[in-house]
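Structural overview for review
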Amino acid sequence: MQFNGKTVLVTGGTSGVGRHTARLFAGHGATVIITGRDEQRGKAVVAEITAAGGRARFVRADLSTHKDVQWLPHEAGPVDVLINDAGYWELGPTHETTESGFDEMFAVNVKGPFFLTAAYAPLMASNGGGAVVNVSSMVASRGAAGMAAYSASKAALESLTRAWAAEYGPRKVRVNAVALGPTRTPVTASMGELLDTLAAASPLGRAAEPIEIAETIAYLAGDTASYLTGAVIPVDGGRVSAL
Ligand SMILES: NC(=O)c1ccc[n+]([C@@H]2O[C@H](COP(=O)([O-])OP(=O)(O)OC[C@H]3O[C@@H](n4cnc5c(N)ncnc54)[C@H](OP(=O)(O)O)[C@@H]3O)[C@@H](O)[C@H]2O)c1
């Protein structure tokens, strides 16, 4: 897998799956643009990449704010690959979900990717093609108590993946998604043993390391996946495939 001469924008690149994805693309020769709200974490990831001989920069943007979503492509410039990784969730019963929590989940998980793709897919097409990879969750296709709004937001992202594949495929822009199972990242560290309990139910019997997700994302974005579009790839240790 080589990304020499390619520019890759990773939303959520300041942490977890996005951080490992940014490092992996940079290691394969890409110039990486990392975005998130936390400037300190963003700069730390840039420092990790440059210390390893890679090229990266951080652009601060809050994807729950439409103004930032519109501004980001102007600041970041053209890219060959867009990774819509940034995600937000508030878990709890439906009857306790607040309007602000609901709105933020749909802003970060659906509206942000929607308008970033709206800005970038035509640009990629006019540059000869490109790739978008959306980061979804196994709960998009399975019922999970306490995750109704989050699951629905990821289901919307998977629906958009198929719609964009149909819309931009004729112009050589491929769009795919990964649907994650339990993955060991800073946000799931707070779940303690619950993460391992959830992961134990999968055939592989363990949580994913973020690099295992990053490897699939990079594969989907690369030329070796040149005939793959509109797919949602479960990267969940077999969790949704097994009884
Ligand atoms: N870990 C899992 O078990 C799991 C399972 C299924 C799906 N996922 C999905 O995988 C993706 C990555 O999650 P993760 O586990 O790596 O979580 P993480 O370590 O908490 O990273 C989340 C990233 O999203 C960014 N983000 C959140 N809200 C944002 C906002 N308003 N504006 C801009 N950036 C924002 C954060 O950046 P800043 O804090 O710098 O803003 C951070 O870089 C998410 O889409 C998540 O839904 C994760």
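My aim in this report is to walk through the structure given alongside it, one point at a time. (Residues numbered from 1 in each chain as written. Predicted model: local features only at pLDDT ≥ 70, side-chain atom pairs only at ≥ 80, totals over all residues. Heavy atoms only, no water.)

1. A few points about the packing of aromatic side chains
As a reminder, the rule being used: Note on aromatic contacts: the rings of Phe and Tyr and the six-membered ring of Trp form a pair at centre separations within 6.5 Å, being stacked when their planes are under 30 degrees apart, edge-to-face when over 60 apart, and tilted otherwise. Elements are defined by DSSP. Helices are runs of H or I of four residues or more, strands are runs of E of two residues or more, and each kind is numbered from the N terminus.
This structure, assessed with the given rule, holds five aromatic pairs. Both rings, one in Phe 114 and one in Phe 115, keep their centres 5.0 Å apart while their planes meet at 65 degrees; by these two values the pair is edge-to-face. Both rings, one in Phe 114 and one in Trp 164, keep their centres 6.0 Å apart while their planes meet at 50 degrees; by these two values the pair is tilted. With Phe 114 in helix H4 (residues 99-126) and Trp 164 in helix H5 (residues 148-168), this residue pair connects regions lying 50 residues apart in the sequence. Members of the aromatic cluster, connected to one another through ring pairs, are Phe 114, Phe 115 and Trp 164.

2. A closer look at the site of the ligand
Operational definition: Nearness is defined per residue: one heavy atom within 4 Å of the molecule or strand is enough. Pairs of N or O atoms within 3.5 Å make up the polar contacts considered here, provided that, within protein, one atom can donate a hydrogen while the other can accept it, and that residues adjacent in sequence are counted only when both atoms are side-chain atoms. Areas reported as accessible are Shrake-Rupley estimates using a 1.4 Å probe. Residue values count occlusion only from the protein chains shown. Classification convention: Asp, Glu, Lys, Arg as charged; Ala, Val, Leu, Ile, Met, Phe, Trp, Tyr, Cys, Pro as nonpolar; all other residues, Gly among them, as polar.
The environment of the ligand is made up of 31 residues, and the closest members are Ser 15, Arg 37, Arg 41, Tyr 150 and Thr 185. For the ligand, an oxygen atom lies 2.7 Å from a polar atom in the side chain of Thr 14. Separating an oxygen atom of the ligand from a backbone N or O atom of Asp 85 is a distance of 2.7 Å. Out of a free accessible area of 880 Å², the ligand has 94% covered by protein chains. For the shell around the ligand, the secondary-structure elements that each account for two or more residues are helix H1 (16-27), strand S5 (130-137), H5 and helix H6 (186-189). Taken together, the residues of the shell around the ligand break down into twelve nonpolar, 13 polar and six charged.

3. Notes on H1
Convention followed: Expected helix span is given by 1.5 Å per residue-to-residue step, counting one fewer step than there are residues. For every residue, the accessible area obtained with a 1.4 Å probe (protein chains only) is divided by the maximum for its type, and the residue is called buried under 20%, exposed over 50%, and partly exposed between those limits.
For H1, which comprises twelve residues, the first-to-last C-alpha distance of 17 Å matches the rise-based estimate of 16 Å (1.5 Å per residue) to within 8%. Judged by how many residues are buried, H1 sits mostly within the fold: nine of twelve residues are covered. By the burial criterion, the buried members of H1 are Gly 16, Val 17, Gly 18, His 20, Thr 21, Ala 22, Leu 24, Phe 25 and Ala 26. Directly beyond the C-terminal end of H1, a positive phi value near 100 degrees is found at Gly 29.

4. Points about the environment of Ala 131
Here is the rule: Note on definitions: a residue-residue contact is assigned when non-hydrogen atoms from the two residues lie within 4.5 Å.
Inspection of the secondary structure puts Ala 131 in strand S5. Apart from the residues lying within four places of it in its own chain, the contact partners of Ala 131 are Asp 80, Val 81, Leu 82, Met 124, Arg 174 and Ala 221.

5. Observations concerning the pairing of strand S6 (residues 173-180)
Under the convention used in this document: One requirement defines pairing of two strands: DSSP has to find at least two bridges between them. Here is how to tell: hold the view so the strands point away, follow the path from the first strand over the helix to the second, and if it runs clockwise the crossover is right-handed.
Where burial is concerned, most of S6 is hidden: eight out of the eight residues are buried. Across the two faces of S6 the burial is the same, with Val 173, Val 175, Ala 177 and Ala 179 and Arg 174, Asn 176, Val 178 and Leu 180 all buried. Here S5 runs beside S6; their pairing, made up of eight bridges, is parallel. Bridge assignment links Val 132 to a residue of S6, and that residue is Val 175. Running through H5, the crossover from S5 to the neighbouring parallel element S6 is right-handed. Pairing analysis gives four bridges linking S6 to strand S7 (residues 232-235), with the strands arranged parallel. Bridging across to S7, Ala 177 finds its partner in Val 232.

6. A few points about the nonpolar core
Inclusion rule: Put simply, buried Ala, Val, Leu, Ile, Met, Phe, Trp, Tyr and Cys residues joined by side-chain atoms within 4.5 Å make one nonpolar core.
Counting residues in each nonpolar core, the largest one holds 31 residues, and the members touching the most others are Phe 25, Val 32, Ile 34, Ile 83, Val 178, Ile 213 and Ile 217. With six residues, helix H8 (residues 210-221) is the single largest residue contributor to this core. Core analysis: the second largest hydrophobic core is formed by 24 residues, Leu 63, Leu 72, Tyr 120 and Trp 164 among them.

7. Here we look at the side chain of Ser 136
Here Ser 136 lies in strand S5. Accessibility expressed as a relative area gives 3% for Ser 136, which makes it buried. When sequence neighbours within four positions are dropped, the list of residues in contact with Ser 136 reads Lys 154, Glu 158, Val 178, Ala 179 and Leu 180.

8. Considerations on the packing of helix H3 (residues 66-76) against H4
Threshold: For helices, the axis comes from a line fit to the C-alpha atoms of the stretch in contact; other axes are also lines fit to C-alpha atoms, and the angle between any two N-to-C directions lies between 0 and 180 degrees. Throughout, a crossing is termed right-handed when the near helix is turned clockwise from the far one, and left-handed when it is turned anticlockwise from it by less than a right angle.
Taken N-terminus to C-terminus, the directions of H3 and H4 make an angle of 35 degrees; their axes are 9 Å apart at the nearest point. Taken as a pair, H3 and H4 cross one another with a handedness that is right-handed. Facing H3, whose interface residues are His 66, Val 69, Leu 72, Pro 73 and Ala 76, H4 presents Lys 111, Gly 112, Phe 115, Leu 116, Ala 119 and Tyr 120. Residue composition of the contact of H3 with H4, by class: eight nonpolar, two polar and one charged.

The quantities given are spatial measurements derived from coordinates; they are silent on function.
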